[in-house]
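Okay, here's what each chain looks like letter by letter:
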Amino acid sequence: MHNEYDNEKFFDEYAKMPRSKGGLEFAGEWHQLKPLFPELAGKEVLDLGCGYGWHCGFSVEKGAKQVLGIDASRKMIEEAERRNAGEGITYRICRIEEYEYPENRWDCVISNLVLHYIGDIEQIFQKVYRTLKPKGVFIFNIEHPVFTAGVGQDWVYTKDGKPQFWPIDNYFLPGSRTTHFLGCDVVKHHHTLTQILMGLLNNGFLLNAVKEARPPEEMMEIPGMKDELRRPMMLLVKASVKK
């Protein structure tokens, strides 16, 4: 999360989200993201854009010996230290573009719902590759290109307020898109599927898994959740280094 959203209104609305209150099990994509994690016992993990630190806490639960969570938002880091503190976990206020990415430092790098805020995503891929140890793993969850290419990232509604269809425009024109999210005007960046996947391959990664997030059956009774089957919202990727 970037610090331009580190304001009271955004943070208060973010705190109301089920995934913010309940953690990973309340995230609709967790049942698909969780199996992508490698064996973490004794490993060192970097979380890019850690938010409340849920994945940092999970990594320690799975035996990671050291975890660094970075986030540009002071409020997010304060909440992470409150909710997911633990032995071996360190938090730092830092934009992911500005982190130093020391060479051959981490066994696993995680990034959850942050990369769509980055304009030069390929530069991040290059830096992550550099900082991963041999056979290191990169797991990330990014807003799906179909979602980021959505006009205003919203449905077109019928007269009675029901979602009619999801409009897409300028798909092959990557770049910034302004949307209204959690009561604030937010700037995100649209990247095509080719940019994301070939960006990894062109920078030395092996693709291990690509999944389009869909909510589990047990969440279908949550209002609006069935509409999530009509277009993908998130893209989950697992990649590993060849060095």
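Further up the page is the structure itself.
As the structure is a prediction and not an experimental result, all values here were calculated from the model. (Residues numbered from 1 in each chain as written. Predicted model: local features only at pLDDT ≥ 70, side-chain atom pairs only at ≥ 80, totals over all residues. Heavy atoms only, no water.)

A. Up close: the overall build of the chain. Along its length, the chain carries eight helices and 11 strands. For the chain, the C-alpha radius of gyration of 18 Å lies close to 18 Å, the compact-globule estimate for 243 residues. Considered along the principal axes of its C-alpha atoms, the chain spans approximately 55 × 40 × 35 Å. A burial count over the chain gives 53% of its 243 residues as buried. Long-range pairs, those at least 24 residues apart, make up 66% of the contacts in the chain between residues at least 6 apart in sequence. Accessible surface, the chain as shown: approximately 11,500 Å² in total, 51% of it carbon and sulfur. When the 31 positive and 34 negative side-chain charges of the chain are each reduced to one mean point, those points stand 3 Å apart. (Helix = DSSP H or I, 4+ residues; strand = E, 2+ residues; numbered from the N terminus. Rg over C-alpha atoms; globule rule 2.2 N^0.38 Å. Buried < 20%, exposed > 50% of the residue type's maximum accessible area, 1.4 Å probe, protein only. Contact = heavy atoms within 4.5 Å. Areas by Shrake-Rupley, 256 points an atom, 1.4 Å probe, with all protein chains shown as cover. Lys, Arg positive; Asp, Glu negative; His and termini not counted. Charge placed at Lys NZ, Arg CZ, Asp CG, Glu CD.)

B. Spatial organisation of the nonpolar core. If you look at the biggest cluster of nonpolar residues, it comprises 30 residues, and the most contacted ones within it are Ile96, Leu115, Phe125, Val128, Phe138, Phe140 and Phe205. Per-element accounting of this core gives the leading share, five residues, to helix H6 (residues 121-131). Among the nonpolar cores identified, the runner-up in size contains 26 residues, and Val45, Ile89, Tyr91 and Leu236 belong to it. (Core = buried A, V, L, I, M, F, W, Y, C linked by side-chain atoms within 4.5 Å.)

C. Highlighting the side chain of Arg177. Inspection of the secondary structure assignment puts Arg177 in strand S8 (residues 175-181). A distance of 2.7 Å separates a polar atom in the side chain of Arg177 from the backbone oxygen of Asn170. Those residues within four positions of Arg177 in sequence are excluded, and the remaining contacts are Thr148, Ala149, Asp169, Asn170, Val186, Val187, Lys188 and His190. (Polar contact = N/O pair within 3.5 Å; in protein donor to acceptor, adjacent residues only side chain to side chain.)

D. Representation of the environment of Arg82 within the structure. Within the fold, Arg82 resides in helix H5 (residues 74-83). Since its relative accessible area comes to 59%, Arg82 is described here as exposed. Considered as a pair, Arg82 and Gly53 are 29 residues apart in the sequence and their alpha carbons are 9.4 Å apart. Here the side chain of Arg82 touches Glu79 through a polar contact of 2.4 Å, side chain to side chain.

E. Here's a closer look at the pairing of strand S9 (residues 184-190). Of all seven residues in S9, five are buried; the element is thus mostly enclosed. Of the pairings in the sheet, the one linking S8 to S9 comprises seven bridges and is antiparallel in character. When the bridges of S9 are listed, Phe181 appears paired with Cys184. Hairpin connection of S8 to S9: two residues between the antiparallel strands, including Leu182 at a positive phi of 55°. (Pairing = 2+ DSSP bridges.)

F. Looking closely at the environment of Lys226. Examined against the element boundaries, Lys226 turns out to sit in the loop between strand S10 (205-212) and strand S11 (234-241). In this structure Lys226 comes out as exposed when scored by relative accessible area, which is 52%. In this structure, the C-alpha to C-alpha distance between Lys226 and Leu207, residues 19 residues apart in sequence, is 30 Å.

G. Representation of the pattern of salt bridges in the model. Under the counting rule described, the total for this entry stands at 11 salt bridges. Residue Glu44 pairs with Arg105 through a salt bridge whose shortest N-O separation is 3.1 Å. Of the two residues, Glu44 sits in strand S1 (residues 44-48) while Arg105 sits in the loop between strand S3 (89-93) and strand S4 (106-112), which places them 61 residues apart along the sequence. Owing to a relative accessible area of 11%, Glu44 belongs among the buried residues under this scheme. (Salt bridge = Lys/Arg side-chain N within 4 Å of Asp/Glu carboxyl O.)

H. Broad picture of the packing of aromatic side chains. Applying the stated criterion across every chain, the model contains 12 aromatic pairs. Look at Trp30 and Phe58: their rings are 5.0 Å apart centre to centre, the planes differ by 90°, and that puts the pair in the edge-to-face class. Remark: Phe58 occurs in helix H4 (residues 54-61) and Trp30 occurs in helix H3 (residues 30-33); sequence separation between them is 28 residues. No difference in accessibility class separates Trp30 from Phe58, as the two residues are buried. Where Phe125 meets Phe138, the ring centres are 6.2 Å apart and the plane angle is 70°; that geometry is what we call edge-to-face. Taken together, the residues span a long stretch of sequence, with Phe125 in helix H6 and Phe138 in strand S5 (residues 132-143) at a distance of 13 residues. A relative accessible area of 0% places Phe125 in the buried class. On the basis of relative accessibility, which here comes to 0%, the residue Phe138 falls in the buried class. Cluster of aromatic residues (ring-pair linked, three or more members): Phe125, Tyr129, Phe138, Phe140 and Phe205. Stacked on the ring of Trp106, the Lys or Arg Arg105 has its end atom at 4.1 Å from the ring centre. Above the face of the Trp166 ring, Arg231 is positioned so that its terminal group lies 4.3 Å from the ring centre. (Phe/Tyr/Trp six-rings, centres within 6.5 Å; stacked < 30°, edge-to-face > 60°. Lys NZ or Arg CZ within 6 Å of the ring centre and 35° of its normal.)

Taken by themselves, the reported measurements are silent on function.
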